[in-house]
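# Summary of structural features
The primary structure of each chain is shown beneath.
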Amino acid sequence: MKDVAALAGVSAKTVSNVLTGTAAVRPQTQQRVESAMRELDFVPNLSARGLRNGRSGVIAIALPDLATAFSAEMLHHLVDAAHQRGYAVQIEETALEPERERDLVSRARQHLVDGVVLNPIRIEDSVVDRDERLPPVVLIGEVEQHVTDRVLVDSRGGARDAVAHLVARGARRIAAIGGDDQPELATATSRLRLAGVRDGLAAAGLEHDRRREVNLLPWNMEAGALGVRTLLDRGVEVDALLCFTDSIAVGALHELARAGIRVPEDVLVCGFDDIEQSRFTTPQLTTVSFDRNEFARATIALLEERIAARDVPVRAVAIEHRVVARASTDAVPRGVSPGR
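Throughout what follows, the structure given in this document is the object of discussion. Computed from a predicted model, the values in this text were never measured in an experiment.

Parameters and conventions
Residues numbered from 1 in each chain as written. Predicted model: local features only at pLDDT ≥ 70, side-chain atom pairs only at ≥ 80, totals over all residues. Heavy atoms only, no water. Helix = DSSP H or I, 4+ residues; strand = E, 2+ residues; numbered from the N terminus. Buried < 20%, exposed > 50% of the residue type's maximum accessible area, 1.4 Å probe, protein only. Contact = heavy atoms within 4.5 Å. Areas by Shrake-Rupley, 256 points an atom, 1.4 Å probe, with all protein chains shown as cover. 1 Å grid on protein atoms, 1.4 Å probe; cavity = no way out; pocket = protein on both sides within 12 Å on 5 of 7 lines; lining within 4 Å. Points joined across faces, edges and corners; volume = space filled by probe spheres on them. Phe/Tyr/Trp six-rings, centres within 6.5 Å; stacked < 30°, edge-to-face > 60°. Lys NZ or Arg CZ within 6 Å of the ring centre and 35° of its normal. Polar contact = N/O pair within 3.5 Å; in protein donor to acceptor, adjacent residues only side chain to side chain. Core = buried A, V, L, I, M, F, W, Y, C linked by side-chain atoms within 4.5 Å.

Let's shift gears to the overall build of the protein. The helix and strand tally for the protein stands at eleven helices and twelve strands. Principal-axis analysis of the C-alpha atoms gives the protein an extent of 75 × 45 × 30 Å. Residue burial in the protein is summarised as follows: out of 340 residues, 52% are buried. When contacts within the protein are restricted to residue pairs at least 6 apart in sequence, those whose partners lie at least 24 apart make up 71%. Here the protein displays about 15,900 Å² of accessible surface, and carbon together with sulfur accounts for 49% of that area.

Okay, structure coming up:
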């Protein structure tokens, strides 16, 4: 660090601040320090740091399904944000197995990792709802609790805004793929987004029809295709689909095309999350978007603060969302009638 400081023309403390993010550093100064690190091939010694402060320099990140495009993109940003603060990262897939969460929390108690980022899909299955002796933990996603810090997007508000967009485009018979009243399939996200759909319909003076609500797990492209087939088999009139993820929407677009149903001329389609594929579908997919860089930075910052001080008040950080309108909702839909 002294060599880096000398080459960059700064103090060793400034180099430490750049590495840990514990204090603000001017962008020009940070660039000089990072350039010096690259020139000297400097790598921080996490083990030595751990001997001094009792920390490992490693955090764990656990997501439910690493196979989805959304998880891949989110993980990319989280790992990048962690590396910028000098942390190495362990990655775990929890799926529907709560014991994997418990194992990560146990590792944190044993100081094998300094903290954990968790993305539980239901609070009733999460270790957070069962363990009062939590190590540093930050939750991401829609699970609402007040035990530890969390970073979230307003899923209910996002779904409500998406419905308002579809209504403004002329839709009146809006179906939801990703949520219904089956409790065994309900996740925190599906409950909130379904509530947002119903909020949006009520605000437009439209009644929700349970026959237009479909939920199939896991939330992937096949679920979107099966959801469209389910709606067609039910014979309900539909002129728009709000899919609770973009992956679901991609599957829905495929099945609609296979059935000869045009998007957006017959049916509007909107997704949620703004994954990369949404810009490359035919037609391009309208979706609910948020800044994943901001989300990741807020998550790692909260975790680092929690690692440093266990007794700070529990915080919740909401990341702003917006509806990104693309070609999949760029028409007044004719709708699909029963029997088509």
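On we go from here.
On to empty space enclosed by the protein. To find leftover empty space, one rolls a probe the size of a water molecule over the atoms. Tallied over the entire structure, the rule returns three cavities of 30 Å³ or more. Estimates place the volume of the largest cavity at around 100 Å³. As for the largest cavity, its lining consists of Val228, Leu231, Leu232, Val236, Val238, Leu241, Leu256, Ile261, Val267 and Val336. Per-element tally for the lining of the largest cavity: the top contributor is helix 9 (residues 221-234), with three residues.

With that out of the way, let us pick up the packing of aromatic side chains. Taken as a whole and judged by the stated rule, the model has three aromatic pairs. If you follow arginine 193 out to its NZ or CZ, it ends over the ring of phenylalanine 272, 3.6 Å from the centre.

Position of histidine 165 relative to the elements: it lies in helix 7 (residues 155-168). A distance of 2.8 Å separates a polar atom in the side chain of histidine 165 from a polar atom in the side chain of threonine 329. Ignoring anything within four residues of it in the chain, the contact list for histidine 165 reads Thr286, Val323, Ala325 and Thr329.

What follows deals with the nonpolar core. The biggest cluster of nonpolar side chains holds 40 residues, and the ones touching the most others in it are Leu166, Ile174, Val197, Leu241, Leu242, Cys243 and Val269. Listing elements by their share of this core, those giving two or more residues are helix 7, strand 6 (174-177), helix 8 (188-203), helix 9, strand 8 (240-243), helix 10 (246-258) and strand 9 (268-270). Not counting the four nearest positions on each side in its chain, cysteine 243 is found in contact with Ile177, Ile248, Ala249, Ala252, Val269, Cys270, Gly271 and Phe272. Counting residues in each nonpolar core, the second largest holds 24 residues, with Leu63, Val151, Phe295 and Ala298 among its members.

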